[in-house]
Structure formats: structure tokens, C-alpha cells
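Remarks on the overall topology
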Amino acid sequence: MDHGIALLLGLAIAGVTLVRMTALERRSQMAETELRRLSGQVRTAQEQERKNLSRELHDEVGQMLTGLRMELGGMSR
């Protein structure tokens, strides 16, 4: 009878362990998916920031060149 109880307890522990491992694996997969999504958002934000910075720098340089051109035009007159 003791062997039967030990066997049942062993099977119960194995069942609980299997259920727990399955739940942990599911959570791990969900976390990995979320990490991929967040990494994509960070990459998109970085690309957008680079575009904005590039546009600002381009505009500043354009304004400076226009100012210089106007000053040189005024000096030549």
C-alpha cells in the first residue's frame, strides 16, 4: 500500500511540475514577444529622432547659407 501512495504522490508532483513548466514557458514566450515589440518601437523612435535631427541640421545650414548669401550680396553692392 505504501508503494501505491508513493506512486500516486510521485505522479501528482510530476503533474503539478508539468503544469507549472508549461505556464512558465508560455509566460516566457509572451515576454519574448513583448520584448521584440518594444525593441521595434525603440528602433522606430530612434529612426524618427535621426530624421528630425537631420531635418533640423539641414534647415539650420540652409538658413545660415541664405544669410551669408544676403550679406555677400549686400557687400558687393
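A brief structural summary. All values reported here derive from a predicted model rather than from experimental measurement.

**Describing the pattern of salt bridges**
- Summed over all chains, the structure comprises two salt bridges.
- The partner of R36 in a salt bridge is E32, and the shortest N-O contact between them spans 2.5 Å. One end of the pair, R36, and the other, E32, are both in helix α1 (residues 2-76), four residues apart, so they sit about a helical turn from each other.
- Classification of R36 as exposed rests on a relative accessible area of 54%.
- For E32, a relative accessible area of 40% translates into the label partly exposed.
- A salt bridge links R37 to E34; its shortest N-O distance comes to 2.6 Å. You can see R37 and its partner E34 sitting in helix α1, three residues apart, about one turn around the helix.

Reading guide: rules and limits
- Residues numbered from 1 in each chain as written.
- Predicted model: local features only at pLDDT ≥ 70, side-chain atom pairs only at ≥ 80, totals over all residues.
- Heavy atoms only, no water.
- Salt bridge = Lys/Arg side-chain N within 4 Å of Asp/Glu carboxyl O.
- Helix = DSSP H or I, 4+ residues; strand = E, 2+ residues; numbered from the N terminus.
- Buried < 20%, exposed > 50% of the residue type's maximum accessible area, 1.4 Å probe, protein only.

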